[in-house]
Amino acid sequence: MTGLGPRAVLVPDLGEDLARAVGELERLLLVLRAAESVGSPLPGPLAGGIALTALRRLWRAIGPTQGRRAAAARLTGRLYAPGGQVEHVPLRLVDVDPLDVATLSAAAVALGLGAVGKGVVRQALDAVCTGLPATELVSSAARFTGLLDLADTADSIVLRERLAAAGPGADVVLTPEAERAYQATAGRLNTMWPATGTAASP
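Residues numbered from 1 in each chain as written. Predicted model: local features only at pLDDT ≥ 70, side-chain atom pairs only at ≥ 80, totals over all residues. Heavy atoms only, no water.

1. Points about the overall build of the protein
So, point 1. A tally of regular secondary structure across the protein gives 8 helices and 6 strands.
So, point 2. In the protein, the succession of helices and strands from N to C terminus is β-α-α-α-β-β-β-α-α-α-α-β-α-β.
So, point 3. Relative to the globule expectation of 17 Å for 202 residues, the C-alpha radius of gyration of the protein, 18 Å, shows essentially globular dimensions.
So, point 4. Along the first, second and third principal axes, the C-alpha set of the protein runs to 60 × 40 × 30 Å.
So, point 5. When burial is assessed residue by residue, the protein has 44% of its 202 residues classed as buried.
So, point 6. Within the protein, counting contacts between residues at least 6 apart in sequence, those at least 24 apart form 77% of the total. (Helix = DSSP H or I, 4+ residues; strand = E, 2+ residues; numbered from the N terminus. Rg over C-alpha atoms; globule rule 2.2 N^0.38 Å. Buried < 20%, exposed > 50% of the residue type's maximum accessible area, 1.4 Å probe, protein only. Contact = heavy atoms within 4.5 Å.)

2. Here's the deal with the packing of aromatic side chains
So, point 1. This structure, assessed with the given rule, holds 0 aromatic pairs.
So, point 2. Looking at R143, its charged tip hangs above the ring of W193, at a distance of 4.2 Å from the centre. (Phe/Tyr/Trp six-rings, centres within 6.5 Å; stacked < 30°, edge-to-face > 60°. Lys NZ or Arg CZ within 6 Å of the ring centre and 35° of its normal.)

3. Thoughts on the pattern of salt bridges
So, point 1. Applying the stated rule across the entire model yields 12 salt bridges.
So, point 2. One salt bridge connects E24 with R27, and the closest N-O pair in it is separated by 2.9 Å. Here the residue E24 and the residue R27 both occupy positions in helix 1 (residues 17–37), the gap between them amounting to 3 residues, near one helical turn.
So, point 3. Exposure remark for R27: the relative accessible area of 43% places this residue in the partly exposed category.
So, point 4. A salt bridge links R160 to D152, with the nearest nitrogen and oxygen atoms 2.7 Å apart.
So, point 5. Shared partners join several salt bridges into a network, and the residues in it are R7, D152 and R160. (Salt bridge = Lys/Arg side-chain N within 4 Å of Asp/Glu carboxyl O.)

4. With respect to the packing of helix 1 against helix 6 (residues 134–148)
So, point 1. Two elements in contact, helix 1 and helix 6, have axes whose closest approach is 10 Å; the angle formed by their N-to-C orientations is 115°. Crossing geometry of helix 1 relative to helix 6 is assigned as left-handed. Residues L18, A21, V22, E24, L25 and L28 of helix 1 touch helix 6, and the partners they reach there are L137, S140, A141, F144 and L147.
So, point 2. Of the residues that constitute the contact of helix 1 with helix 6, the class distribution is 9 nonpolar, 1 polar and 1 charged. (Axes fitted to C-alpha atoms, helices over the stretch in contact; angles between N-to-C directions. Left-handed = near helix turned anticlockwise from the far one by under 90°. Nonpolar A, V, L, I, M, F, W, Y, C, P; charged D, E, K, R; others polar.)

5. Concerning the environment of V172
So, point 1. Looking at the element boundaries, V172 is found in strand 5 (residues 172–173).
So, point 2. Between the C-alpha atoms of V172 and A81, which are 91 residues apart in sequence, the distance is 8.7 Å.
So, point 3. In contact with V172, other than residues within four places in its own chain, are R78, L79, Y80, R162, L163 and A166.

6. Focus: the environment of H88
So, point 1. Here H88 lies in strand 3 (residues 87–88).
So, point 2. On the accessibility criterion, H88 (1% relative accessible area) is buried.
So, point 3. Between the alpha carbons of H88 and Y182 there is a distance of 9.1 Å; along the sequence they are 94 residues apart.

7. Overview of helix 6
So, point 1. The end-to-end C-alpha separation of helix 6 is 22 Å, in line with the 21 Å expected for 15 residues at 1.5 Å each.
So, point 2. Among all positions in helix 6, only A134, L137, V138, S140, A141, F144, T145, G146, L147 and L148 are buried.
So, point 3. In this fold, the buried residues of helix 6 make contact with strand 1 (7–12), helix 1, helix 2 (50–62), helix 4 (98–115), helix 5 (120–128) and helix 8 (176–192). (Expected span 1.5 Å × (residues − 1).)

8. Details of the nonpolar core
So, point 1. Counting 58 residues, the largest nonpolar core has L25, L28, L32, L46, I62, L125 and F144 as its most contacted members.
So, point 2. Residue contributions to this core peak at 9 residues, all from helix 1.
So, point 3. Residues in contact with I62, not counting those within four places in the same chain, are V11, L18, V94, V96, F144 and L148. (Core = buried A, V, L, I, M, F, W, Y, C linked by side-chain atoms within 4.5 Å.)

Structure follows, in structure tokens:
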């Protein structure tokens, strides 16, 4: 952990989308780690397994808020617009280490640079990305860290306080003020990982 300590962030429950992306990224980092172990030099942010360790720590914190993992962890509280008739994509409170986020963000940049070259990073991307373009996996890595690194706003603080007061796993009906905060925050999250918004009417 850093001297600054963990930071509470809002993470949308994206079902299995985030789990699939993290799984692909972990496989890529494992391939790079194996290449490094037999003598292939890696760019600084990817060297020494540091990015892999950061990814695993972040996923340990975030995984229980996603899809079927949230159900197993009893973190399936629903989020409703005022009146309780419209259900939103839920946002979960998660504590993450800013250093892990920064480490993975730097790794995403290194992956992006490697993707346009012919070295070990490109070779690893080609080996792992058999079902999707290499650029998509690199983009997923950047968007994942982007979700966790959005700057606080008055709206996100309103939502954090509302969810913290309700407690983990509780259903929450938003007040009109909190609904406005949700819409603004969901819009920002949606720029990082398009999926956040209204889910369905119960």
